[in-house]
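Structural characterization, general
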Amino acid sequence: MPDPHVYRAAANAAASPVPSPCISVCRMNAQTGLCEGCLRTIDEIVAWSTLPDDGKRAVWVEIEKRRTA
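What you are looking at is a predicted structure, and each value in this text was computed from that prediction instead of being measured. (Residues numbered from 1 in each chain as written. Predicted model: local features only at pLDDT ≥ 70, side-chain atom pairs only at ≥ 80, totals over all residues. Heavy atoms only, no water.)

**Things to note about the overall build of the protein**
Going by this rule: Where helices and strands are cited, they refer to DSSP runs of H or I of at least four residues and of E of at least two residues respectively, numbered from the N terminus. Accessibility here uses a 1.4 Å probe with only protein chains present; expressed as a share of the type maximum, an area under 20% marks a residue as buried, one over 50% as exposed, and anything in between as partly exposed. Note on contacts: a residue pair qualifies if any of its non-hydrogen atoms lie within 4.5 Å across the two residues.
Each helix and strand counted, the protein has three helices and zero strands in total. Tracing the protein from N to C terminus, the helices and strands come up as α-α-α. A buried classification covers 19% of the 69 residues belonging to the protein. Contacts in the protein between residues at least 24 apart in sequence constitute 40% of all its contacts with a sequence separation of at least 6.

In structure tokens form, the structure reads like this:
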């Protein structure tokens, strides 16, 4: 039987607000096109405040990929 705590944790994560990746080091790298602080593109930064939570989570996935690249 699946652990109910896993389902509860997943539900809570999906329901909680998605934090901004901004760390107040706002400097765009001309070579990569990414912010040196948060590793977002300018388009991701501009769109952040209007993105639904699923969109914000998708940006976080991309940030993690960029960190490990």
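**Some details on a nonpolar patch on the surface**
Rules: For patch building, the residue pool is restricted to those with more than 30% relative accessible area and no salt bridge; the joining distance is 9 Å between like charges and 5 Å between nonpolar side chains (Val, Leu, Ile, Met, Phe, Trp, Tyr). Areas reported here follow the Shrake-Rupley algorithm with a probe of radius 1.4 Å; residue values treat only the protein chains shown as occluding. The rule for a salt bridge is simple: a side-chain nitrogen of Lys or Arg has to be within 4 Å of a carboxyl oxygen of Asp or Glu.
Residues Met 28, Ile 42 and Val 46 make up a contiguous nonpolar surface patch of about 280 Å² in total accessible area. With respect to the helices, strands and loops of the structure, Met 28 is situated in the loop between helix H1 (4-15) and helix H2 (42-47).

**Describing the pattern of salt bridges**
Under the definition given, this model contains five salt bridges. Arg 27 is the salt-bridge partner of Glu 36, the closest N and O atoms lying 2.8 Å from each other. The class for Glu 36 is partly exposed, based on a relative accessible area of 40%. Among the ionic pairs, Arg 66 bridges to Glu 44, the shortest N-O distance being 2.8 Å.

**A short note on helix H3 (residues 53-68)**
Residues spaced three or four apart along an α-helix point in a common direction, a consequence of the helix completing one turn every 3.6 residues. The condition that has to hold: Working rule for helices: expected span equals 1.5 Å times residues minus one. Picture the helix axis, draw a direction to every C-beta atom, and the arc is the one those directions span.
Its 16 residues give H3 an end-to-end C-alpha distance of 23 Å, which sits within 8% of 22 Å, the value for a rise of 1.5 Å per residue. Listed as buried for H3 are Gly 55, Lys 56, Val 59 and Ile 63. The arc that holds the buried residues of H3, viewed along the axis, is 100°, so those residues lie on one side. The outward face of H3, more than 90 degrees from its buried face, is lined by the exposed residues Asp 54 and Thr 68. Where H3 is buried, its residues contact H2.

**A word on the confidence of the model for the protein**
Atomic detail in the predicted coordinates should be set aside for any region of low pLDDT. Defined as follows: pLDDT runs from 0 to 100 and stands for how confident the predictor is about each residue.
On average, the protein scores 88 in pLDDT, and the residues at 70 or more come to 78%. Mean pLDDT across the elements of the protein bottoms out in H1 (55) and peaks in H2 (98).

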